[in-house]
Amino acid sequence: MEVDLPHAAIFDLDGTLLDSVDLHAIAWHEAMVKFGHDVSFEQARSQIGKGGDKLIPVFLSQEAQRDHGQELDAWRSEHFKAKYLPLIRPFSAVPDLLKRSRDAGLRIAIASSAKKDELENYLDIASITKLVDATTSSDDVEESKPEPDIFEVVLKKLKVDGEDAVAIGDSPYDAEAAGKATVRTIGVLCGGFTEKELRAAGCIDVYPGPAALFACFLETLLAK
């Protein structure tokens, strides 16, 4: 009996392939405080996985957004690149997992809430630039995760239907966005969200991280 294998694997970056969630949270916390908003590290961290267009309204009123929302986001971006980008490292076995996925016949895509210039740096840091067939960043869409725009764009680039793809992400926002685009999601715990939170958002399976996915590849949605 033939097995209907997926045609594409769509990976998130921050917290999924890269150990960067805490660094993003610190940068957002520092940006919020600089612009007069009492937002703790923990509060900022709970929102990582969203793009700035979705994160900022959680903490700023509409008036504050109009007054300095764009300035805050721009300051945060430059501050992050100068101070925290050099500290980002990939999780174990990231290139191995993508190579294994390609060997299984899957097309590989990145669907990230990062800005385009940040995304290109991340691919280099993870040593996966040559392993990726398509990318989508928050700059390519009107709304970032948890809205489905990022997944809808990358599916068009890959020329596959949502039902023929599998997403891999660390946050509930990844699973929510993928689900709205009819893409099944594998959750990973390395971004700091709990298995309960990931499953509640729609993750079908949950693994500790990329190395566990690589080790258990034949048992995962990527191979069946």
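Preceding this paragraph is the structure being described.
This is a predicted model, so every value here is computed, not measured.

J.: Would you explain the sheet that holds strand 7 (residues 184–188) in this entry?
T.: Within a beta sheet, neighbouring strands are joined by backbone hydrogen bonds and run either parallel or antiparallel to one another. Sheet architecture is open: six strands sit in the order 5-4-1-6-7-8, paired in parallel fashion. The outermost strands of the open sheet, each flanked by one partner alone, are strand 5 (134–136) and strand 8 (205–207). Going from strand to strand, the sheet's axes swing by 20 degrees on average, the running direction of each strand aside. Taken together, the four bridges between strand 6 (residues 165–169) and strand 7 define a ladder with parallel strand orientation. Among the inter-strand pairings, I168 is bridged to a residue of strand 7, identified as I186.

J.: Even after reading the chapter, I still don't get the nonpolar core, so can you show me in this structure?
T.: Note that soluble globular proteins tend to have their nonpolar side chains buried in a common cluster. Ranked by internal contacts, the top residues of the largest apolar core, which has 36 residues, are F11, I110 and I128. Elements represented by at least two residues in this core include exactly strand 1 (8–11), helix 1 (21–34), helix 5 (94–103), strand 4 (107–111), helix 6 (116–126), strand 6, strand 7 and helix 10 (210–215). Residue contributions to this core peak at four residues, all from helix 6. Formed by 18 residues, the second largest nonpolar core is a distinct cluster that contains A109, A134, V160 and V183.

How each quantity is defined
- Residues numbered from 1 in each chain as written.
- Predicted model: local features only at pLDDT ≥ 70, side-chain atom pairs only at ≥ 80, totals over all residues.
- Heavy atoms only, no water.
- Pairing = 2+ DSSP bridges.
- Helix = DSSP H or I, 4+ residues; strand = E, 2+ residues; numbered from the N terminus.
- Axes fitted to C-alpha atoms, helices over the stretch in contact; angles between N-to-C directions.
- Core = buried A, V, L, I, M, F, W, Y, C linked by side-chain atoms within 4.5 Å.
- Buried < 20%, exposed > 50% of the residue type's maximum accessible area, 1.4 Å probe, protein only.

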